[in-house]
Structure formats: C-alpha cells, structure tokens
Amino acid sequence: MTPRSLPKSPAPHRVVAVLQPPQSTFPLSCAAEVFGDHGPAIPVRYAFEVCTEHPGPVRTQAGYDVLVTAGLDALERADTVLVPGWQQPAGSEVPAAVVEAVRRAHGRGARIVGICSGAFVLAAAGLLDGRRAATHWARAAELATRFPLVRVDPGVLYVDHGDVATSAGSAAGVDLCLHLVREDHGAAYALRIARQMVMPPHREGCQLQYAELPTSGPVADSLAPLLEWLSGRLDQPVSVAEMALRSQVSARTLTRRFTEQLGISPGRWLLDRRIAATRALLEETDLPVETIARRVGLSSAVNLRRRFHEALRTTPAAYRRTFRADEAG
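Definitions and cut-offs
- Residues numbered from 1 in each chain as written.
- Predicted model: local features only at pLDDT ≥ 70, side-chain atom pairs only at ≥ 80, totals over all residues.
- Heavy atoms only, no water.
- Helix = DSSP H or I, 4+ residues; strand = E, 2+ residues; numbered from the N terminus.
- Buried < 20%, exposed > 50% of the residue type's maximum accessible area, 1.4 Å probe, protein only.
- Contact = heavy atoms within 4.5 Å.
- Axes fitted to C-alpha atoms, helices over the stretch in contact; angles between N-to-C directions.
- Parallel < 35°, antiparallel > 145°, perpendicular 65-115°, else oblique.
- Nonpolar A, V, L, I, M, F, W, Y, C, P; charged D, E, K, R; others polar.
- Salt bridge = Lys/Arg side-chain N within 4 Å of Asp/Glu carboxyl O.
- Pairing = 2+ DSSP bridges.
- Right-handed = clockwise from strand over helix to strand, strands pointing away.

A.B. asks: In this structure, what is going on with the overall build of the chain? I would like to understand it.
C.D. replies: Counting its regular elements, the chain contains 13 helices and ten strands. Per-residue burial for the chain yields a buried fraction of 49% across its 329 residues. Contacts in the chain between residues at least 24 apart in sequence constitute 66% of all its contacts with a sequence separation of at least 6.

Structural data, given as structure tokens:
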C-alpha cells in the first residue's frame, strides 16, 4: 500500500537556540539541520531561530561571526529552548541573564535542551539537580565537580526527561534532536528528516559515546558494514550466529564488539530497529498488524504485539489511534 502523506502542522513548534561567544558551530548546525526547513518534500513542523544575550555579531570557534538580531526575549515565545554548546574556560560562570531567561522559559512549560557542553547552562539554571544528564565525555568530570547535584552519565548519547534533555558531543546532538522529533511527530516524520540528512534514523540514548574506541584490532572491527547489511534485511530472521558468520568472527567476539561500540547486544540492536520500523509503518500505512510483523521480521502479530508492548508500554492499535488523533488535532 502507498504510504499516507504526512499532514501539515497548523502551528509550527518554535525552537529557539541560545548562542554564546565563542559559539561552537557543529552543535548549532546539528540543531539547524534537524529543526530547519527541509524543502517542499517534508511538511514544516518546526520554526527555528537563534538569539543571544547581546544581539549583534557573535564570534564562533570557526573564525567567523554570526549576526544574531534577537535578544533573550525570544525565549519567551519558544516551545523548545536549545543551548548548542558552552565553550567557556573551566570555572566560568553562565551569565545571570541567560540563567534567568532559561529558568523562566522552563517555568512556563518550554522544553529545555542542552547539546554537548550546553548541559552546563541547564545545570547552572538548576534544571538538572537530582537528574541524570549527558555531556561530552571529556567534560563529564568537570560538570560533575561543578554541579554535584547532577547525576552525570559520561557514557550515554543522550538523556531525555521530557521537560529537559541533554546530549553528548558531536553527532550525539543529531541523535538527540532526531529523538525529540520522533517524540513530537512520530518515527515516520523523523525518518524522513534523517533520510534528507543522510543520517541513521535512530540510535538509542543508552548507546555509548565511543569515548574509547578499540585500539588492538584493525579498522575491520567496525560494525558499520554489518549494521548496514542488517538494516536492509529487517524482514528476514537473522541470528547472532549468522551475524557472526557475516562478520567472519565468533559469536562471542561479535557480542563483545556490540557491547564495546554500541552498549547493547546484537539481538537488542536488531529488535530496536524492528520496533522503529513498526512505528513508521503504523504511522504511515493502513497495513494490518500481521503484515507489518512479517515486513519487520517479527514473524507474527502475536509476537509483534508482545515486543511492541515491552518496548513502548502500549499496543500497536493504540499507538496507531494516538498518532491519528494527533493528526486530527
């Protein structure tokens, strides 16, 4: 069956990024790529803009300035406030005006997101007290020392509490942003954006940051070729033994590589991909659950319902109804 077209959003979700010199360009680009305009092929669901404490040229770490015309009052109309990094010397204080603006936005119900070292701004505002938080692994110890009430997890890609979310460095910012899109508008919409960006559509927050890559083996230790092969065969039953044979290693070695590089087992990674594919098919098509189960390699409707409920605490039918209710609303 032909996938249904995604509905147009009546009111785009407004994402406002707070820039601070010297601004790191990569986390800002991550947010702009995910929440920005993707052209006519993808319905507009977000409005992305930037602001800063002192409007005008904002120096970046890349050697050029960004002209920002909006001040912190832009946060008053934000649905999501995003802090794309905090590149100040160790021990530097977050400006009081920024802290207060972020607190006010959170107080009125805006979601607050820190990418990479942006977690320092959220911590300074007291939004991470008593909560798990992620940041770049190289700055995790500093964050934990400066803000002892924050439960810093140095290994994960991102942590989402609903009202507050933080990510690790580099590409983990994209992972968090795509995760937020998936929570806001479903797996199918997030998948379209990921495809536009030529990015993997889904990495769980619990996966590792790759802080320490294996050094004793050759480049062939990378799981990338196997993951690509598996992604194209979700409709087929694949055992760990078959994965190991494909990678020309033992099942024990393969499991160890998955644990080291992804933080999860081979079976768990494959199940996560199948659940993500199930969500997209429930959102975009009218296919029966039995047909979806065969397409994603879960063999039967009974098995799909059980696995789906274990992962999301809801049934496929309820998930589909909720998604369509969101469309109508």
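Read on for the rest.
A.B. asks: Could you clarify how one ought to interpret the packing of helix α8 (residues 240-247) against helix α9 (residues 251-262) in this entry?
C.D. replies: Helix-helix packing is described using two parameters, namely the angle between the two axes and the distance between the axes. It is the contact of α8 with α9, at a shortest axis distance of 8 Å, that shows an interaxial angle of 90 degrees. By the angle class used here, α8 and α9 are roughly perpendicular. Along the contact surface, α8 presents Val240, Met243, Ala244 and Ser247, while α9 presents Ala251, Leu254 and Thr255. Partitioned by chemical class, the residues of the contact of α8 with α9 number five nonpolar, two polar and no charged.

A.B. asks: Please clarify how the pattern of salt bridges should be interpreted in this entry.
C.D. replies: Side chains carrying opposite charge are able to pair once their charged atoms draw close together. For the structure shown, the criterion picks out twelve salt bridges. The residue Glu49 makes a salt bridge to Arg77 at a minimum N-O spacing of 3.2 Å. Residue Glu49 is found in strand β2 (residues 46-52), and its partner Arg77 is found in the loop between β4 (65-68) and β5 (80-84); the two are separated by 28 residues along the sequence. What makes Glu49 buried here is its relative accessible area of 17%. In this structure, Asp163 engages Arg131 in a salt bridge whose closest nitrogen and oxygen atoms are separated by 2.9 Å. Taken together, the residues span a long stretch of sequence, with Asp163 in the loop between β9 (158-160) and β10 (164-167) and Arg131 in the loop between α3 (119-124) and β7 (132-133) at a distance of 32 residues.

A.B. asks: What is the right way to look at the pairing of β4 in this model?
C.D. replies: It is a general feature of regular strands that their side chains alternate between the two faces of the sheet. Across four bridges, strand β3 (residues 56-59) lies against β4 in antiparallel orientation. Its bridge partner lying in β4, Pro57 is registered against Leu67. Here β3 hands over to β4 after five residues, with Gly63 in that stretch at a positive phi of 95 degrees.

A.B. asks: Could you clarify how one ought to interpret the pairing of strand β1 (residues 13-19) in this entry?
C.D. replies: When you tally the buried positions in β1, you get six out of seven residues, the bulk of the element. Note that β1 and β2 share seven bridges and pair parallel. Looking across to β2, one finds that Arg14 is bridged to Ala47. Running through helix α1 (residues 25-35), the crossover from β1 to the neighbouring parallel element β2 is right-handed. Bridge count for β1 against β5 is three bridges, and the pairing is parallel. Following the sheet pairing, Val16 is matched in β5 by Val81.

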